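Listed below are the residues making up each chain.
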Amino acid sequence: MNAVPASGNRRRWPWVAGILVIGAALAAWWWFVSSRNQEAKGATRPASTLVVTTRVESRDVPVRLKANGTVTALQTVDLRAQVTSTIREVHIREGQNVARGDLLFSFDSRADDANIRKAEAQVEKDKADLATARRNLERNLDLFKQKFISQAALDTVQNSVDTLSAQLRVDTAALESVRVSRAYNEIRAPFAGRTGTIGVREGSLVQPGSGASPGAVLVTVTQIDPIAVAFTLPEKELPGLQAALRAGPVPVAVAAQGGADKLTGKVTFVDNAVDSTTGTIKVKAEFANPAARLWPGQYVNVELAPRTLANATVVPAQAVQTGPDNRFIYVVGEDNKVASKPVTLAYLDEGIAVVDGVAPGARIVVEGAQNLRPGSTVTEARTDRSSPRAPAPAGEGPGPKAKGKA
């Protein structure tokens, strides 16, 4: 066996030593970088997530329905002439408020006034003739009892009395007819309301219409107080509305579009059929309107609550999260870890949500849910260093504007 020369071993040792030094340096660098990364991750990863929580409530929730409505007058009428005449006087102004029975227009009634006087004179003549005939009948009755006249003569006198009585009734009816015709020369307000545009002036010729031409409109009178609002509701709300009407008046609130003030009235009409084209039912509500805040043809926002969800499970609306498959709520356990709880949304109002799937009294996350995952540890957010932030009560919101069912 040949021995390895000592000079060869001495040449290999520097290379081996260099490789070992480089390996040790690389290992130390890798450990140093890994340690720094772990320290950095540990420094940026919080122990828990700050959230705001509240408790699930159980209470009665009125189901508020919203709709767009149109203000409609309870009564509106176009006044037209019923006789041919000329306008003698216009007693109103355009846009004037009038009471029932107020005189609006006067026509030239001289001919009718003369006919009334003639008919009255004829009635007076008939009364006088009838009185004379009755006195004559009384005398003839005495003569008949004394056997001075025959039965035929008495019957003739009685017939005269009967004829004059009938003639008096005929002429009295004629007088009433003339007075009715005279009444057509005055146009009066059929109800309290507000006048529109006046289509005639003093001296204008007016004529009654016929057939398809009803005649020119003198003025339109529209009732302003009380007034109605017409709107539609989905047909699925009809059973609840009918039940509420059977229990008593159903209040309705309306506000002009863009306005904050509301007027309160009550439902007075539900249509007798559902519109199969739109799947809606027509409804009307009546409102006292002494200040004329509602105007015919005006669009308004309508709100009513015909039914109530009894013992509903209520949570703040922002607590309900929407996932790819369903809606859910983060429930906080005793160990401050959250779990995802699927829920079904039954009703949504501004600020609150009625849900099924979570028990009343459970502690849920209201704010900060976007930073959570199931199993995350949470801490109640604090408004300062000493006191925890008060949880937002379920149902708190800026106002009860209905969103309807989800």
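Here goes a summary of the coordinates provided. As the structure is a prediction and not an experimental result, all values here were calculated from the model. (Residues numbered from 1 in each chain as written. Predicted model: local features only at pLDDT ≥ 70, side-chain atom pairs only at ≥ 80, totals over all residues. Heavy atoms only, no water.)

With respect to the helices and strands, Thr195 occurs in strand 8 (residues 193-195). A distance of 2.9 Å separates the side chain of Thr195 from the backbone nitrogen of Gln96, its partner in a polar contact. Aside from chain neighbours lying at most four places away, what touches Thr195 is Ile92, Arg93, Glu94, Gly95, Gln96, Val98, Val219, Thr220 and Val221. (Helix = DSSP H or I, 4+ residues; strand = E, 2+ residues; numbered from the N terminus. Polar contact = N/O pair within 3.5 Å; in protein donor to acceptor, adjacent residues only side chain to side chain. Contact = heavy atoms within 4.5 Å.)

Under the counting rule described, the total for this entry stands at 14 salt bridges. Close ionic contact of Asp129 with Lys125 constitutes a salt bridge, the shortest N to O distance being 3.0 Å. In this pair, Asp129 and Lys125 both sit in helix 2 (residues 110-145), four residues apart, roughly one turn of the helix. Salt bridges sharing partners connect three or more residues here, namely Arg64, Lys262, Glu303 and Asp349. (Salt bridge = Lys/Arg side-chain N within 4 Å of Asp/Glu carboxyl O.)

This part covers the packing of helix 2 against helix 3 (residues 151-183). Between helix 2 and helix 3, whose axes approach to 8 Å, the crossing angle comes to 165 degrees. Taken as axis vectors, helix 2 and helix 3 run roughly antiparallel relative to one another. Considering the relative orientation of helix 2 and helix 3, their crossing is left-handed. (Axes fitted to C-alpha atoms, helices over the stretch in contact; angles between N-to-C directions. Parallel < 35°, antiparallel > 145°, perpendicular 65-115°, else oblique. Left-handed = near helix turned anticlockwise from the far one by under 90°.)

Quick look at unusual backbone geometry now. With omega at -5 degrees, the peptide bond leading from Asp225 into Pro226 counts as cis. Note that Pro226 resides in the loop between strand 10 (217-222) and strand 11 (227-234). Look at Lys147: it is not a glycine, yet its phi comes out positive at around 65 degrees. Mapping Lys147 onto the fold places it in the loop between helix 2 and helix 3.

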